[in-house]
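Now for the letters of each chain:
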Amino acid sequence: MLLHPEKYTNEQIDQMLDEADIAVPDAKQEWERFARKPQAHISLFSKYRKIAAMLVGVLMLSGIGYAAIRLIQGSSSETKEQPVATIENTRPTTAHTQIAEADSTQLKPVVFENAELSTILGEVAAFYRCETVYKNETAKHVRLYFTWDKQSAIDDVVDMFNKFERFHITRENQKLIVE
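Fair warning: this is a prediction, and the values are worked out from it, not measured in the lab. Along each chain, residue indices are assigned from 1 in the same order as the chain's sequence is written. Restriction of local features to residues with pLDDT of at least 70 applies here, the model being predicted, together with a cutoff of 80 or more for giving and counting side-chain atom pairs; totals for whole chains, interfaces and linings are based on all residues. With hydrogens and water excluded, all non-hydrogen atoms of the structure serve as input to the side-chain values.

A. Representation of a nonpolar patch on the surface within the structure. A surface patch of nonpolar side chains, about 350 Å² in accessible area, is lined by Met-1, Tyr-8, Met-16 and Leu-17. Helix numbers and strand numbers start at the N terminus; a helix is a DSSP run of H or I with at least 4 residues, a strand a run of E with at least 2. Locating Met-16 in the fold gives a position in helix H1 (residues 10-19). Relative accessibility thresholds used throughout: buried, under 20% of the residue-type maximum; exposed, over 50%; partly exposed, between the two (1.4 Å probe, protein chains only). We classify Met-16 as partly exposed; its relative accessible area is 37%. Distance thresholds for patches are 9 Å for like charges and 5 Å for nonpolar side chains (Val, Leu, Ile, Met, Phe, Trp, Tyr), applied to residues having over 30% relative accessible area and no salt bridge. Note on areas: these come from Shrake-Rupley sampling with a 1.4 Å probe, and a residue is covered only by the protein chains present in the view. Whenever Lys or Arg places a side-chain nitrogen within 4 Å of a carboxyl oxygen from Asp or Glu, that contact is recorded as a salt bridge.

Given below as structure tokens:
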């Protein structure tokens, strides 16, 4: 009858439905029975979901906290300078002894961007307590991009300057001679 309803008349369909003894449940009674039934499996599942959500939240917050601590420690360890004893032991020259005695905040690298050689050498010479002598006046006005590491020895700094081709610097005792 469901597959080919066109083969049946309306009276035949009504007769078949009348003969079927199907009890129609009362919706209100069924709802009350459902509400009274203990639903332990649903509440147990709900408890496990809550515990899992709390565990995921705690793990997530722990991870974020750990990352923040590592980030802070990483940035602070990059800014820390070597201890004074280590600098004195590894490089016992007089220039480094003077550097080691200086404040650690003064030992950060200095970046010169498009600065004249006279400006750069003025600061370098003052730091290493040297005098600057220019034999070539045009070399004073040469502009450079230079990064100076204050922890380097003066001879290393002079070698770095001598890699530029427009001038040559020599060191004689406490004098920097620019040619």
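What follows continues from the structure just given.
B. Here's a closer look at the sheet that holds strand E4 (residues 169-172). A pair of strands is labelled paired if DSSP reports no fewer than 2 bridges between them. Pairing is mixed in the open sheet, where three strands are placed in the order E2-E5-E4. Edge positions in the sheet fall to strand E2 (131-134) and E4, since each of these pairs with one other strand and no more. Sheet twist, expressed as the mean angle between neighbouring strand axes with direction ignored, is 25°. Pairing of E2 with strand E5 (residues 175-178) involves four bridges; the strand directions are parallel. Looking at E5, one finds that Thr-132 is bridged to Leu-176. In this description, contact between two residues means that some pair of their heavy atoms is separated by no more than 4.5 Å. Geometry is summarised by axes, namely lines fitted to C-alpha atoms with helices restricted to the contacting stretch, and by angles between N-to-C directions that run from 0 to 180 degrees. Strand contacts of helix H6 (residues 117-128): E2, E4 and E5, with the helix running at about 150° to E2, the strand carrying the most contacts. Contacting E4 and E5, helix H7 (residues 154-161) crosses the sheet at an angle of about 160° to E4.

C. Region of the structure containing the pattern of salt bridges. Under the definition given, this model contains four salt bridges. Residue Glu-30 pairs with Arg-33 through a salt bridge whose shortest N-O separation is 3.0 Å. Separated by three residues within a single helix, Glu-30 and Arg-33 lie in helix H2 (residues 27-36), roughly one turn from each other. On the basis of relative accessibility, which here comes to 35%, the residue Glu-30 falls in the partly exposed class. The partner of Lys-140 in a salt bridge is Glu-137, and the shortest N-O contact between them spans 3.5 Å. A residue is classified by how much of its surface remains accessible, and Lys-140, at 25% relative accessible area, is partly exposed.

D. Geometry of H6. How far a helix is expected to stretch is found by multiplying one less than its residue total by 1.5 Å. The end-to-end C-alpha distance of H6 is 16 Å, a good match for the 16 Å that 12 residues give at a rise of 1.5 Å each. Among all positions of H6, only Leu-117, Ile-120, Leu-121, Val-124, Ala-125, Phe-127 and Tyr-128 are buried. Down the axis of H6, the buried set is contained in an arc of 160°. They therefore lie on one face. At the exit of H6 stands Arg-129, carrying a positive phi of roughly 60°. To obtain the arc, one takes the directions from the helix axis to the C-beta atoms.

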